[in-house]
Structures are given as structure tokens and as C-alpha cells.
Amino acid sequence: MQAPLFADATPIADGAWLLPGLALGAAPALLDAVAPAVWRHYQVPGGGRMSVAMAALGPLGWVADAGGYRYSAVDPLTGQPWPALPAAVLALAREAAAAAGYPGFEPDACLVNRYAPGARMGLHQDRDERDRRWPIVSVSLGMTATFLWGGLTRRAPVRRLALHHGDVVVWGGASRYTYHGVAPLAGPAHPLLGAQRLNFTLRRAG
Ligand code: MD3
Ligand code: FE
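An account of the accompanying structure is given in this report. Since we're looking at a predicted model, the values are computed, not measured.

From N to C terminus, the chain includes 2 helices and 13 strands. Along the three orthogonal principal directions, the C-alpha set of the chain runs to about 45 × 40 × 40 Å. Counting the 206 residues in the chain, one finds 51% classified as buried. Accessible area for the chain stands at about 9500 Å²; split by element, carbon and sulfur atoms hold 57% of it. Taking the average place of the 18 positive charges on the side chains of the chain and the average place of its 13 negative ones, the gap between the two points comes to 9 Å.

So this is what it looks like as C-alpha cells:
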């Protein structure tokens, strides 16, 4: 593994790095960016609704509908483009990706997940993005979550990792297609964000 550029970078798997607290400075910009977001609980193929509320920022947004999962330049709920991805957030994503060994990352999509206590995300792979060479940069704000990640098959053993306010994780290379999810949100409210967790995933989708 190559030497990291960020002092506290911790390797967590092949191609994946934890950058603890790297997003603390960008937290105000991230919160400003989601202020105009329109939140929704997408329906899953089985018919139920996700417990996580979702929104998107930037040129492309991830949407789920009867046709399946895809990226769209227009929010199907509003008929409008998604709110902008602020320069400070783009800069953070580039810095994190470069620190983890992925220079030249230019995200064009940011999926935002909002967890209330009890909300969870089942094990899944992220494979709706066009180019598998780019990593996903994940930023966590608010309540601490237990992140779950397994291997390249659904049956692989699952590991747990606590993600705190301000933490950034970069998932690329051999980790890009690992199964992952989030345990039901529990624990004390966050002093700044209250009883919720926000997760931003910056992606190169198109
Ligand atoms: C590992 N979000 O939006 S972020 C998602 O905390 C998603 O809301 C979770 O899974 C959340 O798709 C986890 C960490 C993460 C994001 C993408 C990954 C880990 C990943 C893609 C591949 C491998
Ligand atoms: Fe995911």
C-alpha cells in the first residue's frame, strides 16, 4: 500500500482508507448544501420503502423508480436539476481521493442519505456508476453509525466500523465493489445535528 498524504489516514481494506475528521472543516458547507434538498424514501423492488431518506447534489442524482436504479440530471420529484455541489465539498472530495491514491477524481454526483434513529441500509453493492476505476468518497456527519462491510459476495463475513461526525472514507480499487450497509442507527443525539446522521457519497457517475 502506498504511503498516504494525510497524516491520520488509516488503511481499512485493500484500496480503502479512513480519513478521520477530514470533513470537520467542510461541515458548514455540507449543511448549507443540503438545506434546499427535497428528501424522499425511495421504494425498493420488493415494494417496501427505504428507511433512509435520500436527496442528491450536483449534475447527476441517483434515483430509484419502476425502471430500476439510475442516475438522472433532473429530480423526478421536482422536475428541476439537483441543488449544486459547493466548491468546498468538491475540494474535500478531491483532497480525500488524492490522499488515498486516486488523483484526478472529479465527482459529478453526490447522494445524500439521512438516517433517523432506527434507519438502516441493507447490504448492497454500488454498481450504477459508469467507470469502475473511480473510488467513492463517503462523508459522515451527525450521530455515529455502525458501518458494515463484507466482501465481494453477499455471503462473505461482515466487519463493523464506527463512522463518526467528520469522518471520510475512500473506497476504491479492490474495495470498490464490496458489499456494505449500515446497522440501525442508535445512540446519543449529536450536539450539532441532533438525532440524525447524514452521509454524503461523492461519485463519478457519468
Ligand atoms: C464501500 N451509504 O449511499 S457510506 C450508499 O453510510 C451507502 O449511508 C452508506 O452505502 C451510508 O450507497 C455507506 C460508505 C460507503 C459508500 C459506498 C461504498 C462504502 C462503500 C461503495 C463500495 C464499497
Ligand atoms: Fe452503498
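Text resumes after the structure shown.
Moving on: the side chain of Asn-113. Examined against the element boundaries, Asn-113 turns out to sit in strand β6 (residues 109–115). Of the residues examined, Asn-113 reaches a relative accessible area of 4% and is grouped as buried. Residues contacting Asn-113, with those up to four places away along its chain left out, are Trp-39, Val-52, Ala-53, Met-54, Met-121, Arg-197, Leu-198 and Asn-199.

Attention now goes to the layout of surface pockets. Its volume calculated, the largest pocket comes out at about 810 Å³. In this structure, the largest pocket is lined by 40 residues; those nearest its centre are Met-121, Gly-122, His-124, Asp-126 and His-180. At the level of secondary structure, the elements contributing two or more residues to the lining of the largest pocket comprise β5 (68–72), β6, β7 (121–124), β8 (136–142), β11 (168–171), β12 (180–182) and β13 (197–203). Classifying every residue of the lining of the largest pocket gives 18 nonpolar, 12 polar and 10 charged.

Rules and cut-offs
- Residues numbered from 1 in each chain as written.
- Chains lettered and ligands numbered in written order.
- Predicted model: local features only at pLDDT ≥ 70, side-chain atom pairs only at ≥ 80, totals over all residues.
- Heavy atoms only, no water.
- Helix = DSSP H or I, 4+ residues; strand = E, 2+ residues; numbered from the N terminus.
- Buried < 20%, exposed > 50% of the residue type's maximum accessible area, 1.4 Å probe, protein only.
- Areas by Shrake-Rupley, 256 points an atom, 1.4 Å probe, with all protein chains shown as cover.
- Lys, Arg positive; Asp, Glu negative; His and termini not counted.
- Charge placed at Lys NZ, Arg CZ, Asp CG, Glu CD.
- Contact = heavy atoms within 4.5 Å.
- 1 Å grid on protein atoms, 1.4 Å probe; cavity = no way out; pocket = protein on both sides within 12 Å on 5 of 7 lines; lining within 4 Å.
- Points joined across faces, edges and corners; volume = space filled by probe spheres on them.
- Nonpolar A, V, L, I, M, F, W, Y, C, P; charged D, E, K, R; others polar.

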